[in-house]
Amino acid sequence: MVIRMEDIEIDVERKMIRGMRLAVYPPDGRVRLSIPFWVSEQEVRDFLMLKWQWICRSREKVLSRPRNKAREYLSGEQHLLFGIPYTLQVEPLSSGSPSVTMEGNRIILRCRPQTTPARCEAVLYEWYRAQLHPILEQMINEWLLRIGEAPVVWSTRRMKSEWGSCIARKRKLLFNLELARVPRECIEYVVVHELTHLAVQNHGPAFKALMTQRLPQWKALRKQLRLI
Ligand SMILES: [Zn+2]
């Protein structure tokens, strides 16, 4: 049975269990509810109403995670830089250290034959870091000035479940290296989001109001980021 509440569909399945079990699954925030055979549809609806806030919050969390696609680092693969797709071309290198360059719509990765995919990935991500840092630097400084915040310390790292994070009391910001793949306006959304945590540490109404004041289109950008 599928129950629709607002714009969310909930898969409800009867099972040999005693209590109701509710779960939200990545990557698309699918909601599933397992129920014992004796529970009526009305009881299910009442239960979902009771859990509505939890469902919305959990979906929010799951949907805001970056999705990591499996990549093999072979010629012909598509890789994004700031939202624009490029074709990866892997070229053998006889000597010297591995390098990455751009030519037209291609990203050329030169490395020695038999280089492992993990090593290719590391080389490419170092290049991504070099592309991303100047942009982050500029955006962070511009926004600090605009919102009248004191300087922060920031760095980038590959992260599985977040685009960014902020330790407000240390004024430390951390950004996911995967941001090099997303359009600049989405990077800006993440920058403003993390900088706003300096003022408000949760995602409550005060946070949302400040986001709207600073970046009125933030909800659309968040949505765009979720589709990447
Ligand atoms: Zn946040």
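Each helix and strand counted, the protein chain has six helices and eleven strands in total. For a compact globule of 228 residues, the expected C-alpha radius of gyration is about 17 Å, and the protein chain comes in at 22 Å, more than 25% above that figure. Principal axes of the C-alpha set define a box for the protein chain whose edges measure 70 × 50 × 30 Å. Here the protein chain holds 228 residues, and 20% of them are scored as buried. Once local pairs closer than 6 in sequence are excluded, the contacts in the protein chain between residues at least 24 apart make up 43%.

Right, let's get into unusual backbone geometry. Residues Pro26 and Pro27 are joined by a peptide bond in cis, for which omega reads 0 degrees. Of note, Pro27 is situated in the loop between β3 (21-25) and β4 (30-36). Positive phi outside glycine occurs at Glu6, with the angle close to 50 degrees. Judged by the 8 C-beta atoms lying within 10 Å of it, Glu6 falls in the exposed class.

On to the confidence of the model for the protein chain, then. For the protein chain, per-residue confidence averages 93 on the pLDDT scale, and 100% of positions sit at 70 or higher. When mean pLDDT is taken per element in the protein chain, helix α4 (residues 184-196) scores highest with 98 and helix α2 (residues 52-63) scores lowest with 90.

A few words now on the domain arrangement of the protein chain. By domain assignment, the protein chain separates into domain 1 (2-63) and domain 2 (78-226). For domain 1 versus domain 2, the separation of C-alpha centres amounts to 34 Å.

Another aspect to go through is the packing of helix α3 (residues 117-147) against α4. Interhelical geometry of α3 versus α4 gives an angle of 50 degrees and a closest axis separation of 10 Å. As judged from the angle between their axes, α3 and α4 are oblique. The element α3 and its partner α4 pack so that their crossing is right-handed. Side by side, α3 and α4 meet where Ile135, Leu136, Met139, Ile140, Trp143 and Ile147 of the first sit next to Arg184, Ile187, Glu188, Val191, Val192 and Leu195 of the second. For the contact of α3 with α4, the residue count by class is ten nonpolar, no polar and two charged.

The next point concerns the sheet that holds β4. Spatially, β1-β2-β4-β3 is the arrangement adopted by the four strands of the open sheet, whose pairing is mixed. The strands lining the two open edges of the sheet, one partner per strand, are β1 (2-5) and β3. Taking each pair of neighbouring strands and ignoring which way they run, the sheet shows an average axis angle of 25 degrees. Together, β1, β2 (8-15) and β4 form the strand contacts of helix α1 (residues 41-50), whose direction differs from that of β1 by roughly 40 degrees.

Parameters and conventions
- Residues numbered from 1 in each chain as written.
- Predicted model: local features only at pLDDT ≥ 70, side-chain atom pairs only at ≥ 80, totals over all residues.
- Helix = DSSP H or I, 4+ residues; strand = E, 2+ residues; numbered from the N terminus.
- Rg over C-alpha atoms; globule rule 2.2 N^0.38 Å.
- Buried ≥ 20, exposed ≤ 12 C-beta atoms within 10 Å, placed from the backbone.
- Contact = placed C-beta atoms within 7 Å.
- pLDDT = per-residue confidence, 0-100.
- Domains from an automatic or database assignment.
- Axes fitted to C-alpha atoms, helices over the stretch in contact; angles between N-to-C directions.
- Parallel < 35°, antiparallel > 145°, perpendicular 65-115°, else oblique.
- Left-handed = near helix turned anticlockwise from the far one by under 90°.
- Nonpolar A, V, L, I, M, F, W, Y, C, P; charged D, E, K, R; others polar.
- Pairing = 2+ DSSP bridges.

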